[in-house]
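# Descriptive structure summary
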Amino acid sequence: FREERRRLYRRIRVDITGLVSGANTIAHGITKRETPAQGAAPIEERVLLTSIVAVHRTQAADATNLYYTVDSGAGTTISVYVTV
């Protein structure tokens, strides 16, 4: 999609399964359109819970990973909509 200043963004759904209780580091594998050899740092993350468990972001995503903490429940599944 494009914002008002005509910059092009991508919104990508990342499905994550098998999260464990506590902190989780998830490699997202999203690359820049212009230079596919480089990872892209997401500017926005929106979580869609697909399990009944409390999940929250531990820290902001970087060019290689997403960071989420699961309060309880092994095998938790979430979907994250990432905008880059």
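It should be emphasised that the depicted structure is a prediction, and the values quoted were computed from it without experimental measurement.

### Focus on the environment of Leu 19
Note on placement: Leu 19 falls in strand S1 (residues 11-19). A sequence separation of 51 residues divides Leu 19 from Val 70, and the C-alpha atoms of the two residues are 7.3 Å apart. Those residues within four positions of Leu 19 in sequence are excluded, and the remaining contacts are Asn 24, Ile 26, Val 70, Gly 73, Ala 74, Gly 75, Thr 76 and Ile 78.

### Some points on the sheet that holds S1
With respect to topology, three strands assemble into an open sheet ordered S1-S6-S3, the strand pairing being antiparallel. Each of the sheet's edge strands pairs with one partner strand only, and the pair in question is S1 and strand S3 (44-49). Within the sheet, the average angular offset between the axes of one strand and its neighbour, ignoring direction, is 25°.

### A look at the pairing of strand S6 (residues 76-83)
Within a regular strand, side chains alternate between the sheet's two faces. Extensive coverage of S6 is indicated by the burial of six of its eight residues. Pairing of S1 with S6 involves seven bridges; the strand directions are antiparallel. Bridge pairing links Asp 15 to Ser 79 in S6. Pairing of S3 with S6, which is carried by six bridges, proceeds in the antiparallel orientation. Each residue of the ladder has a partner; that of Glu 44, found in S6, is Thr 83.

### Considering the layout of surface pockets
Considered as a void within the structure, the largest pocket measures approximately 250 Å³ in volume. Residue lining of the largest pocket: Arg 7, Leu 8, Tyr 9, Arg 10, Lys 32, Arg 33, Glu 34, Ala 40, Ala 41, Ile 43 and Val 84, and that is the complete set. Among the residues making up the lining of the largest pocket, the classes are represented as six nonpolar, no polar and five charged.

Conventions adopted
Residues numbered from 1 in each chain as written. Predicted model: local features only at pLDDT ≥ 70, side-chain atom pairs only at ≥ 80, totals over all residues. Heavy atoms only, no water. Helix = DSSP H or I, 4+ residues; strand = E, 2+ residues; numbered from the N terminus. Contact = heavy atoms within 4.5 Å. Pairing = 2+ DSSP bridges. Axes fitted to C-alpha atoms, helices over the stretch in contact; angles between N-to-C directions. Buried < 20%, exposed > 50% of the residue type's maximum accessible area, 1.4 Å probe, protein only. 1 Å grid on protein atoms, 1.4 Å probe; cavity = no way out; pocket = protein on both sides within 12 Å on 5 of 7 lines; lining within 4 Å. Points joined across faces, edges and corners; volume = space filled by probe spheres on them. Nonpolar A, V, L, I, M, F, W, Y, C, P; charged D, E, K, R; others polar.

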